[in-house]
Amino acid sequence: MGGKALPDTVRQDDTTWLADSYRRIRQFSEQLCTPLLAEDMGLQACPETSPPRWHLAHTTWFFETFLLKPHLPGYQPANPAFEYLFNSYYNGIGEQYPRPQRHLLSRPTNDEVMAWRHQVDAAMDDLLARTDSLTPLVQLGLNHEQQHQELLLTDLKYSLSFNPLSPAITQPVDIPGDTPPLTFQSFEGGLVEIGACGGFAFDNETPRHKVWLEPFLLANRPVTQGEFRAFILDGGYRKPDLWLSDGWSWVQQQQIERPLYWNPALTEHFTLAGQQPLHDSQILAHVNYYEADAYARWAGKRLPTEQEWEHAALSQAIAGTFADSPSDNRSFQPGAARDARLAHLFGDVWEWTASAYLPYPGFQAAHGAVGEYNGKFMCNQMVLRGGSCASSTDHLRASYRNFFYPHHRWQFSGIRLACDKRANDG
């Protein structure tokens, strides 16, 4: 998991800002678990998800493994067994406890994990007070923790959805009734630069490079629940001509008829506020790449490439619905679609692109175990852009590349349509 440091021109001489960020981000992980019961902390509904307690432990393992053990003289790990239990997939560190069995780790207990977190936090305070030479690695750890905050919420939602009691950990979201019209913004394309440019970035956002874009159009907002319901009612899941071959096989084998969490009547969906009504104007979430591509074909459009998306997003403010929205607005649901030139490019839902997750020209993974995070996954996955209602505001940027397998849909993933300008003119 590689990253870039802040440039020297913007790096502050003292470490106060970094220590403050460390405390704020670490505390937010624990705040997310405040509504949970002890029984919730060990839930894992499938191998692709992890229990909340494991997320709290793994992010702590990261700081202990990559910062405290090699850089703080005299630091003693809380428990040598934690290196095995909470290593995710860093083969350069050592073996890992089997991912599908993380729900079997009833020990260490919640209290023991929290005590470990606080031990590591105290040691990190000491380390940050001693040196600022580790700023890039600390930033990497903090962005890693923010990724796991989002995973904690999406994994928990999936696990809670199997409970017939429809447990709620937050309040319902208020959704107005009117859906703004779908319009398309024009971009001339040409030779543009793509990739990270200043500030923190993961290694997969680099190096910055030039790409050629043909003129294109991008929708002013994501697809809503009401619009996707129309696709279903028109037989969208029963028309093989709309689907990629792998997607149609997935639909047939899994007997898919609707987005994840929707009820058969297409009137309600499960949320972290429990079972809630579907709203026509609420932004659609929890569709996979196959569903997104099929909907785009049905609508006579296509998905944007990640380069088109980034080019359009460069001039847009990071505004939307986020996990760290004001505490009275943390519904962990996408909001209602807004009528603006390019609304919701950030937050609300990750937007599928038509781009495979591949290295940029000249990409090189970081050396050592810390470089395993991104590079080795550049195969068989698709890129998503923009962030979601489970992302933190300061974690996102136009160059950020998220990636998932095309059949995954437990993340807050949605659809923004695009088309070629010449095709639209015709």
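Residues numbered from 1 in each chain as written. Predicted model: local features only at pLDDT ≥ 70, side-chain atom pairs only at ≥ 80, totals over all residues. Heavy atoms only, no water.

**Looking at the packing of aromatic side chains**
In this description, a pair of aromatic rings is defined by centroid distance and the angle of the planes.
Thought 1: Inspection of the entire model under this criterion finds 34 aromatic pairs.
Thought 2: When the centroid spacing of 5.1 Å and the interplanar angle of 75° are considered together, the rings of tyrosine 89 and phenylalanine 377 count as edge-to-face. Here tyrosine 89 is found in the loop between helix 3 (82-85) and helix 4 (110-130), whereas its partner phenylalanine 377 is found in the loop between strand 7 (350-356) and strand 8 (382-385), with 288 residues between them in sequence.
Thought 3: Centre to centre, the rings of tyrosine 295 and tryptophan 298 are 5.3 Å apart; their planes meet at 45°, and the pair counts as tilted. Of this pair, tyrosine 295 and tryptophan 298 both sit in helix 8 (residues 289-298), separated by 3 residues, roughly a single helical turn.
Thought 4: Grouping aromatic residues by their ring pairs yields a cluster made of Tyr22, Trp61, Phe62, Phe63, Phe66, Tyr89, Tyr90, Tyr357, Phe377 and Phe403.
Thought 5: We note arginine 401 situated over the ring of tyrosine 360; from NZ or CZ to the ring centre the distance is 4.1 Å. (Phe/Tyr/Trp six-rings, centres within 6.5 Å; stacked < 30°, edge-to-face > 60°. Helix = DSSP H or I, 4+ residues; strand = E, 2+ residues; numbered from the N terminus. Lys NZ or Arg CZ within 6 Å of the ring centre and 35° of its normal.)

**Regarding the pattern of salt bridges**
Thought 1: In the structure shown here, the tally under the stated rule is 26 salt bridges.
Thought 2: Note that glutamate 227 is salt-bridged to arginine 221, the shortest N-O span being 2.7 Å. Here glutamate 227 matches arginine 221 in class, with each residue buried.
Thought 3: Each of Arg26, Glu30, Arg117, Asp121 and Glu145 takes part in a single network of salt bridges with overlapping partners. (Salt bridge = Lys/Arg side-chain N within 4 Å of Asp/Glu carboxyl O. Buried < 20%, exposed > 50% of the residue type's maximum accessible area, 1.4 Å probe, protein only.)

**Some points on helix 7 (residues 245-254)**
Thought 1: Listing the buried residues of helix 7 in full gives Gly247, Trp250 and Val251. Relative to the axis of helix 7, the buried residues are bounded by an arc of 95° and lie together on one face. Those residues of helix 7 that are exposed and angled more than 90 degrees off the buried face are Ser245, Asp246 and Gln253.
Thought 2: Those residues of helix 7 that are buried are in contact with helix 8.
Thought 3: Backbone geometry just downstream of helix 7 places glutamine 255 in the positive-phi region, at approximately 55°. (Arc of directions from axis to C-beta. Contact = heavy atoms within 4.5 Å.)

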